[in-house]
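So you can see what is in the structure, the chains are spelled out below.
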Amino acid sequence: MSDDHDHHDGNADHELRVSKIQDGTVIDHVRGGQALNVLAILGIDGGEGEEVSVGMNVPSDRLARKDIVKVEDRELSQDEVDVLSLIAPDASINIVRDYDVVEKHRVERPDVVEGVLSCPNADCITTDGEPVTSRFEVLQDGVRCSYCGTIVRAGIAELIDTN
Amino acid sequence: MRHDHLITSKQLSRADIETVLDRAAEIADDPAAAADRHTNALLGLLFFEPSTRTKMSFETAMKRLGGNVVDMGSVESSSVKKGETLADTVRVIEGYADALVLRHPKQGAAAMASEFVDVPLLNAGDGAGHHPTQTMLDLYTIRENAGLDDLTIGIMGDLKYGRTVHSLAYALTNFDTRQHFISPESLQLPREVVYDLHQQDDTQIREHEALESVLSSLDVLYVTRIQRERFPDENEYQKVAGEYQIDLETLEEASDDLTIMHPLPRVDEIAPEIDETEHAAYFEQAHNGVPVRMALLDLLLSGGEADE
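Residues numbered from 1 in each chain as written. Chains lettered and ligands numbered in written order. Predicted model: local features only at pLDDT ≥ 70, side-chain atom pairs only at ≥ 80, totals over all residues.

A look at the UniProt feature "domain: Aspartate/ornithine carbamoyltransferase Asp/Orn-binding" (unreviewed entry) in chain B
Piece 1. The sites that UniProt annotates as "domain: Aspartate/ornithine carbamoyltransferase Asp/Orn-binding" (unreviewed entry) are residues 150-299 of chain B.
Piece 2. With 30% helix and 16% strand, the stretch residues 150-299 of chain B has end C-alpha atoms that lie 28 Å from each other. (UniProt positions renumbered as here; feature names shortened; annotations may be inferred. Helix = DSSP H or I, 4+ residues; strand = E, 2+ residues; numbered from the N terminus.)

Regarding the UniProt feature "binding site: Zn(2+)" (unreviewed entry) in chain A
Piece 1. Listed under "binding site: Zn(2+)" (unreviewed entry) in the UniProt record, and renumbered for this structure, are A:C119, A:C124, A:C145 and A:C148. Taken together, the annotated residues stretch across 30 residues yet fold into one region, lying no more than 8.9 Å apart by C-alpha.
Piece 2. Among the secondary structure elements, A:C119 is positioned in the loop between β6 (112-114) and β7 (135-139).
Piece 3. Residue A:C119 is classed as buried on the basis of its C-beta count, with 26 C-beta atoms lying within 10 Å.
Piece 4. The residues touching A:C119, leaving out its near neighbours within four places in the chain, are A:C124, A:T126, A:T127, A:S134, A:C145, A:C148 and A:T150.
Piece 5. Mapped onto the elements, A:C148 comes out in the loop between β8 (142-145) and β9 (151-152).
Piece 6. Looking at A:C148, the number of C-beta atoms within 10 Å reads 26, which means it is buried.
Piece 7. Excluding anything up to four places from it in sequence, A:C148 contacts A:C119, A:N121, A:D123, A:C124, A:I125, B:Q107, B:G108 and B:G129. (Buried ≥ 20, exposed ≤ 12 C-beta atoms within 10 Å, placed from the backbone. Contact = placed C-beta atoms within 7 Å.)

Some words on the domain arrangement of chain A
Piece 1. According to the domain assignment, chain A contains domain 1 (4-106) and domain 2 (112-159).
Piece 2. Between domain 1 of chain A and domain 2 of chain A, the residue contacts involve six residues of the former and five residues of the latter. (Domains from an automatic or database assignment.)

Here we look at the sheet that holds strand β8 (residues 220-223) of chain B
All names here are of chain B.
Piece 1. On the basis of which strands lie adjacent, the open sheet formed by five strands has the order β7-β6-β5-β8-β9 and parallel pairing. Every other strand in the sheet has two partners, leaving β7 (204-208) and β9 (259-261) as the edge strands with one partner each. In this sheet, neighbouring strand axes are inclined to one another by 20 degrees on average, regardless of whether the strands run parallel or antiparallel.
Piece 2. Relative to β7, strand β6 (residues 177-182) runs parallel, the two being bridged by five bridges. Paired with I182 across the two strands is H208, which belongs to β7. (Pairing = 2+ DSSP bridges. Axes fitted to C-alpha atoms, helices over the stretch in contact; angles between N-to-C directions.)

Focus on the sheet that holds β8(A)
Residue and element names in this part refer to chain A.
Piece 1. Ordered by their spatial adjacency, four strands build an open sheet running β6-β7-β8-β9, and the pairing between neighbours is antiparallel. On the outer flanks of this sheet lie β6 and β9, each paired with one strand and no other.
Piece 2. Looking at chain direction, β6 and β7 are connected through three bridges and run antiparallel. Bridge assignment links E114 to a residue of β7, and that residue is R135.

A word on helix α2 (residues 35-42) of chain A
Residues and elements named next belong to chain A.
Piece 1. Where burial is concerned, most of α2 is hidden: six out of the eight residues are buried.
Piece 2. Within α2, burial applies to A35, N37, V38, L39, I41 and L42.
Piece 3. Where α2 is buried, its residues meet β1 (24-31), β2 (52-59), β3 (65-72) and α3 (78-83).

Topic: the nonpolar core
Piece 1. Formed by 119 residues in total, the largest nonpolar core has its most connected members in A:V38, A:L84, B:L100 and B:L296.
Piece 2. For this core, the element with the most residues is helix α10 (residues 289-301) of chain B, which contributes eight residues.
Piece 3. When sequence neighbours within four positions are dropped, the list of residues in contact with A:L84 reads A:I27, A:V38, A:I41, A:A91 and A:V107. (Core = buried A, V, L, I, M, F, W, Y, C linked by C-beta atoms within 7 Å.)

As for the interface of chain A and chain B
Piece 1. Taken residue by residue, the interface counts 16 residues in chain A and 14 residues in chain B.
Piece 2. Partitioned by chemical class, the residues of the side of chain A that touches chain B number eight nonpolar, five polar and three charged. (Nonpolar A, V, L, I, M, F, W, Y, C, P; charged D, E, K, R; others polar.)

Thoughts on unusual backbone geometry
Piece 1. Across the junction of B:L264 and B:P265, the peptide omega takes the value 5 degrees, indicating a cis bond.
Piece 2. Examined against the element boundaries, B:P265 turns out to sit in the loop between β9 and α9 (282-287).
Piece 3. Backbone geometry at A:D73 places phi at a positive 60 degrees, although glycine is not the residue there.
Piece 4. Turning to its location among the elements, A:D73 is positioned in the loop between β3 and α3.
Piece 5. Its 12 C-beta neighbours within 10 Å are what place A:D73 among the exposed residues.
Piece 6. Positive phi, close to 70 degrees, is recorded for A:Y99, a residue that is not glycine.
Piece 7. Structurally, A:Y99 is set in the loop between β4 (92-97) and β5 (100-106).
Piece 8. On the basis of neighbour count, A:Y99 is assigned to the exposed category, with 11 C-beta atoms found within 10 Å.

Spelled out as structure tokens, the structure:
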């Protein structure tokens, strides 16, 4: 999946990566090792036949090692990418049309994330088979379940609801 | 008070709290004047956990307002046993009643349930979460005995699992209070609660392991029960619980005006010899549950506004 031939450093490499898809979204500067969690948050598992490329732990100027995710034929909305800030706060989002980057933006921390994480508190009503969508308020340094109040600071990626 | 539901004391401002307490005081002064406030209104009782006093005091409150109650009964005899979700249960019962009271073992149950109903829903305890109607009667009792401003309160016992403690601590941040939390290390306030308390302006909270260090400064001592099941073995429990029991000897260091409260039931954390002293306010506190719940029901059933 990773593009073996472009693992050298520099901007040329960056341009090369980004220009590789024709239309879609490139999520760059994801923290090393989080690419699969990015896909999980976005609900992309390849099952719909989407063309997806993932680079993991490639050298980066901004981060020591970064992951990069490219999704063909899908332009991610700001709401969708903001959720990524929980696990990939440095990520940059490139919207590509006809091989050109037409929009480039950073993820911003949302106030609330819904339906993305599941509460780790076994006594929380949201983990009890009720028809309720999980909801977490985003704090400075973590997230907090809107229902039971549990605060999670470390290991947020482990709470990603993959169902 | 302008709320559709009562889920947590965190949602309440100082003005909200004072509206409820003022209404409760009016009702306590002249209960007969409230007797036909809600004739024919029905309150749905949904208690998914056993309760004696909370349930009875809600029932009393509703009847004293001229209304009546419909009771889901015990979980064992209800459709919950058949696997019905809480969301479905409340949507069904909402069709029978003008307001709902919910106690449930899961944290966040009342918050979730309130999203599925249009009638007012009152949280009567959600697991280790919140118990705001208890908080309101606690505040009422504190106000009657010691006042809510320039107050130094000690809250002692099981602070980790005690939902009455969490709700009370939040609510007190609306007032000029110094809060001392006294507990064994293993039963300290959850960090979530400490975090929230520190988010409030001017909050003064301190944590202690020994009552002696603060007892003489207290206007109110709020005692809670340390439960046996929180400890791995009996010896450990006995050792710890013994340090958080009070008797007349303990109180030698206390102010003459100290008010002692307890949400009840107590086991042995307050010696019976204290019951006859001026300090004891816990039975009065329990009785206050009726006018305070009458006030809450009256305000919520009247669309959030008292008739002036």
